[in-house]
Amino acid sequence: LSNLPCSPIPNTSLTIPNILQRIINYFLSNPTRLRTPRLFLEQGNTSDLNQLVTLLEAEQGVSKIHLEEYSERVVADLLKKFLSNLGEPLVPFSSYDEWVRIGEKKYKGGKEEKIEDLRRCVETWPKLNVDVVEYLMGFFERVVAEEEGNGMNFRKLGLVFGGVLSRGREEEGGEGGGLVRGAVAGNWIEMFERWREILRPKLVQGSEKEVVLDERFSPQIECSFD
């Protein structure tokens, strides 16, 4: 993640990979795209996705690629592909075992105890990873706000993105793999629902100004897919 070209988001403390900014801006610049039925659940045209990835890998720069020429599902697939192709996922490998442990643990003290464990785990991540997760959480809130049209809720997002945003050094497989995936998805569902408390507890306590995700993204940012 740290080797990707990044730029700050105006009026925030967030620094985000340029290509991710362009993908999110594709949806936010035309909110009707967020209402696409079964967004993130149904795949787009594979040929179009491969063409788009080839253009980006040719280092033509994402600003030179006209994302608006592609369907909502193709760009949604591009988001998933970008996240899954990161050399190290947003949950660092060093934190993955703890992330799974939190997901599998039975909390007698209820959700608040789990939220506190998630918060402590996040505190060990690099700032860039936390920035990107916060940026995505704000976007996914916009997605769920259009649930009537797209059919997406936090649970579905957790199932779709859980294994993309966090994975071990090797893909889980064999006996018990489903349990791990379920634990990971459960953590992300909690994150989607209460990300402000987990990522920015000072904000919830009133001692930090809220970062508002808006539509002020630069359309001229250049970035290769690498």
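Residues numbered from 1 in each chain as written. Predicted model: local features only at pLDDT ≥ 70, side-chain atom pairs only at ≥ 80, totals over all residues. Heavy atoms only, no water.

Colleague: Can you walk me through the overall build of the chain in this structure?
Modeller: Of regular secondary structure, the chain possesses 10 helices and 2 strands. Counting over 226 residues, the chain shows a buried share of 50%. Once local pairs closer than 6 in sequence are excluded, the contacts in the chain between residues at least 24 apart make up 75%. For the chain, the accessible surface area stands at approximately 11000 Å², while carbon and sulfur atoms represent 46% of it. (Helix = DSSP H or I, 4+ residues; strand = E, 2+ residues; numbered from the N terminus. Buried < 20%, exposed > 50% of the residue type's maximum accessible area, 1.4 Å probe, protein only. Contact = heavy atoms within 4.5 Å. Areas by Shrake-Rupley, 256 points an atom, 1.4 Å probe, with all protein chains shown as cover.)

Colleague: Sorry if this is basic, but what is going on with the environment of Ser94 here?
Modeller: Residue position: Ser94 is located in helix α4 (residues 93-104). Classification of Ser94 as exposed rests on a relative accessible area of 69%. In the structure, Ser94 is positioned 75 residues away from Arg169 in sequence and 9.6 Å away in space, judged by C-alpha atoms.

Colleague: How should the packing of aromatic side chains be read in this particular structure?
Modeller: Two numbers describe a pair of aromatic rings. These are the distance of the centres and the angle of the planes. Scanning the model with the defined rule gives 12 aromatic pairs in all. Geometrically, the ring pair formed by Tyr26 and Phe27 is edge-to-face, given 5.0 Å between the ring centres and 90° between the ring planes. For the pair formed by Tyr26 and Phe27, the shared burial category is buried. Three or more aromatic residues link up through ring pairs in this structure, and these residues are Tyr26, Phe27, Phe40, Trp99, Trp125, Phe139, Phe140, Phe154, Phe161, Trp188 and Phe192. For Arg33, the ring lying beneath its charged end belongs to Tyr26, and the centroid distance is 4.1 Å. (Phe/Tyr/Trp six-rings, centres within 6.5 Å; stacked < 30°, edge-to-face > 60°. Lys NZ or Arg CZ within 6 Å of the ring centre and 35° of its normal.)

Colleague: When you look at the packing of helix α2 (residues 46-57) against helix α3 (residues 72-84) in this model, what are you seeing that I'm missing?
Modeller: The relative placement of two packed helices is expressed as an angle between their axes plus a distance between the axes. At a minimum axis separation of 9 Å, α2 and α3 run at an interaxial angle of 55°. Between α2 and α3, the angle is such that the two are oblique. Seen from above, α2 lies across α3 with right-handed handedness. Taking contact as the criterion, the partners of Asp48, Leu49, Leu52, Val53 and Leu56 in α2 are, on α3, Val74, Asp77, Leu78 and Lys81. When grouped by side-chain class, the residues that make up the contact of α2 with α3 number 6 nonpolar, no polar and 3 charged. (Axes fitted to C-alpha atoms, helices over the stretch in contact; angles between N-to-C directions. Parallel < 35°, antiparallel > 145°, perpendicular 65-115°, else oblique. Left-handed = near helix turned anticlockwise from the far one by under 90°. Nonpolar A, V, L, I, M, F, W, Y, C, P; charged D, E, K, R; others polar.)

Colleague: Whenever I open this one, unusual backbone geometry confuses me. Can you help?
Modeller: One can expect most non-glycine residues to show negative phi and most peptide bonds to be in trans. Even without glycine at this site, Asn11 takes up a positive phi of about 65°. The phi dihedral of Phe40 falls on the positive side, at around 75°, and the residue is not glycine. Classification of Phe40 as buried rests on a relative accessible area of 2%.

Colleague: How do you make sense of the environment of Glu112 when you look at a structure like this?
Modeller: On the secondary structure map, Glu112 appears in helix α5 (residues 111-122). With relative accessibility at 49%, the residue Glu112 sits in the partly exposed group. With sequence-adjacent residues up to four places away left out, Glu112 is seen in contact with Arg194 and Glu197.

Colleague: What's the story with the environment of Glu69 in this structure? I'm lost.
Modeller: In this fold, Glu69 is placed in the loop between α2 and α3. The class for Glu69 is exposed, based on a relative accessible area of 60%. For the pair formed by Glu69 and Asp48, sequence separation is 21 residues and the distance between their alpha carbons is 9.9 Å.

Colleague: Whenever I open this one, the nonpolar core confuses me. Can you help?
Modeller: When a protein is soluble and globular, its nonpolar side chains tend to lie buried together. Phe40, Leu83, Leu136, Met137, Phe139, Trp188 and Met191 are the most contacted members of the largest nonpolar core, which totals 65 residues. Secondary-structure elements contributing two or more residues to this core are α1 (18-28), α2, α3, α4, α5, α6 (127-145), α8 (154-165) and α9 (177-199). Here the element with the most residues in this core is α6; it accounts for 11 residues. When sequence neighbours within four positions are dropped, the list of residues in contact with Phe40 reads Ala76, Leu79, Lys80, Phe139, Val143, Met152, Leu157, Val160 and Phe161. (Core = buried A, V, L, I, M, F, W, Y, C linked by side-chain atoms within 4.5 Å.)

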